[in-house]
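Here are the chains, one letter per residue:
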Amino acid sequence: MPEHTPQGQSPQSAPGSNGRSPLDLPEGDPFGPGNLPYGIFSTVDFPDHGRIGVRYGEYVLDVPTAARTFDSVYQDLLGGDTLNALMSAGRPVWQGVRAELTGWLTDPAHRAAVEPLLHPLAEATLHLPFEVADYVDFYASEHHATNVGKIFRPDGDALTPNWKHLPIGYHGRAGTVVVSGTPVVRPSGQRKAPADPAPVFGPSQRLDIEAEVAFVVGAPSVQGRAVPQRDFREHVFGVCLLNDWSARDLQAWEYVPLGPFLGKSFATSLSAWVTPLDALDAARISPPPRDHALLPYLDDSDPEVIEPAGLDIRISVSVNGETIAEPPFSAMYWTAAQQLAHMTVNGASLRTGDLFASGTVSGPEPDQLGSLLEITGGKGPYLQDGDEVVLTAWAPGPDGSRIGMGEVAGRVTA
Ligand code: MN
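Fair warning: this is a prediction, and the values are worked out from it, not measured in the lab. (Residues numbered from 1 in each chain as written. Predicted model: local features only at pLDDT ≥ 70, side-chain atom pairs only at ≥ 80, totals over all residues. Heavy atoms only, no water.)

1. Considerations on the sheet that holds strand β23 (residues 388–396)
Sheet strands line up and pair through hydrogen bonds in the backbone, either parallel or antiparallel.
Okay, so step 1: On the basis of which strands lie adjacent, the open sheet formed by five strands has the order β9-β24-β23-β20-β21 and mixed pairing. Lying at the two open borders of the sheet, with one neighbouring strand each, are β9 (184–185) and β21 (322–325). (Pairing = 2+ DSSP bridges. Helix = DSSP H or I, 4+ residues; strand = E, 2+ residues; numbered from the N terminus.)

Next comes the structure, spelled out in structure tokens:
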């Protein structure tokens, strides 16, 4: 009997429920063979440290054991307790591993060998999937930037003069990126409303969320050499969901003139699953029309030169189980390929594990706003202790299928 089989089930019916093999997915399962997201998991059978897993339906494939079973040439890259070795190996290896995974999970000849290597997701503990190197957060939604500009700078132009010329970003704190499910302690800090005579210290009274999509760098680059937009897929391994928790009262007092700092750095939640870029091929779309000419390194107006780098990802934001917004990633003005090009145009190099997030995803409609700041017009209410925020998302896959993205969940604690 496989080690993970619940007691009382016969080997014939295990490990699927109702006698169904875990390899036989329900019709339309968003974690089917076109998806194959990577994560790091452990179970009671191997609790000490995580190993690489690939999600398949409601199961997790034990990848290192599968690689040994099938004598994969990639065994050494798949044996660690993070995805970093695989991520650093580059796109030809990513494609090779993905082809092997597809074969293991879909070739009828492999069923008997693979079924015992699928662990129920409900019995797995998921870990931060890679060691985060540098973390950058952008500000790429025109709708979000306009809404925030009106709230924070009511007397000025909503968009700053640089906004349509470069993707604005700031460096966040890589060491406080946490995996989905990690509780988030309400941060304390300084705040001072404009009418207050002096700053006060205490727990944030305006704790907010930012629903974002994040891109994970796999293959590094050389310092001094820019990475052009057309090389995006050679460097970016995959995509996550991200919640950029934000203390608006701390942020409003500290952010001038150098940008976000302690109002953001206390915690950033990341999905446990990294969706491979290749799983999102059917979701690629053109970004919104550009109304300013861009400098050559950012120009993406000719699809013959730069393939469309927008992504049709549909996000859903819930608080305590109630959906409060459905932000469309398709509405983002700046693409991840432009962000990567901008991040390196000065010669800054990429490291394996670099994480860059899109900025809050907001669309043009009132039910498409990715932060409570925008949803409530800056007036609140914001998050209470005990509130649980969950971001989920899906994207179109091949032949009308859906590609599910791993959720990012977090509960606020006092
Ligand atoms: Mn953000």
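2. Notes on the nonpolar core
Okay, so step 1: Within the largest apolar cluster, 55 residues are counted, with the highest numbers of intra-cluster contacts made by Phe215, Phe232, Ile313, Phe356 and Leu383.
Okay, so step 2: Once residues within four sequence positions are removed from consideration, Phe356 is found in contact with Val136, Phe138, Val213, Ala214, Phe215, Val217, Phe232, Val236, Ala336, Gln339, Leu340 and Met343.
Okay, so step 3: The next biggest cluster of nonpolar side chains, apart from the first, holds 40 residues, and it includes Leu36, Ala67, Val114 and Tyr135. (Core = buried A, V, L, I, M, F, W, Y, C linked by side-chain atoms within 4.5 Å. Buried < 20%, exposed > 50% of the residue type's maximum accessible area, 1.4 Å probe, protein only. Contact = heavy atoms within 4.5 Å.)

3. Some thoughts on the domain arrangement of the chain
You'll often see interface size given as the accessible area lost when the parts meet.
Okay, so step 1: Domain parsing of the chain yields domain 1 (3–127) and domain 2 (135–413).
Okay, so step 2: A separation of 30 Å is found between the C-alpha centroids of domain 1 and domain 2.
Okay, so step 3: For the domain 1 and domain 2 pair, buried surface summed over both sides reaches about 2,000 Å², with 67% attributable to carbon and sulfur atoms.
Okay, so step 4: Area buried by domain 1 at its contact with domain 2 is led by Met87, Arg91 and Trp94, which between them contribute 30% of it.
Okay, so step 5: Linking domain 1 with domain 2 are two salt bridges, by the criterion used here.
Okay, so step 6: The residue Glu234 makes a salt bridge to Arg91 at a minimum N-O spacing of 3.5 Å.
Okay, so step 7: Applying the counting rule to domain 1 against domain 2 returns five residue pairs in polar contact (both at pLDDT 80 or more).
Okay, so step 8: Those elements that provide at least two residues to the side of domain 1 that touches domain 2 are β1 (38–43), β2 (46–56), α2 (84–88), α3 (91–106) and β5 (125–127). (Domains from an automatic or database assignment. Buried area = accessible area lost by both parts, 1.4 Å probe. Salt bridge = Lys/Arg side-chain N within 4 Å of Asp/Glu carboxyl O. Polar contact = N/O pair within 3.5 Å; in protein donor to acceptor, adjacent residues only side chain to side chain.)

4. Examining the packing of aromatic side chains
The geometry of two aromatic rings is summed up by the distance between their centres and the angle between their planes.
Okay, so step 1: Under the counting rule described, the total for this entry stands at 12 aromatic pairs.
Okay, so step 2: Seen in terms of ring centroids, Phe138 and Phe356 are 6.3 Å apart; in terms of plane orientation they differ by 80 degrees. Their pairing is edge-to-face. Of this pair, Phe138 sits in strand β6 (residues 135–138) while Phe356 is found in strand β22 (residues 355–357), placing the two residues 218 residues apart along the sequence.
Okay, so step 3: Residue class for Phe356 comes out buried when judged on its relative accessible area of 0%.
Okay, so step 4: Centre to centre, the rings of Phe215 and Phe356 are 5.7 Å apart; their planes meet at 25 degrees, and the pair counts as stacked. Residue Phe215 is located in strand β13 (residues 211–217), and its partner Phe356 is located in strand β22; the two are separated by 141 residues in the primary sequence. For the pair formed by Phe215 and Phe356, the shared burial category is buried.
Okay, so step 5: Pairwise contacts between aromatic rings join Phe138, Phe215, Phe232, Phe329 and Phe356 into one cluster. (Phe/Tyr/Trp six-rings, centres within 6.5 Å; stacked < 30°, edge-to-face > 60°.)

5. Re the environment of Val216
Okay, so step 1: Residue placement: Val216 occurs in strand β13.
Okay, so step 2: For Val216, a relative accessible area of 0% corresponds to the buried category.
Okay, so step 3: For the pair Val216 and Asp302, spaced 86 residues apart in sequence, the C-alpha separation works out to 26 Å.

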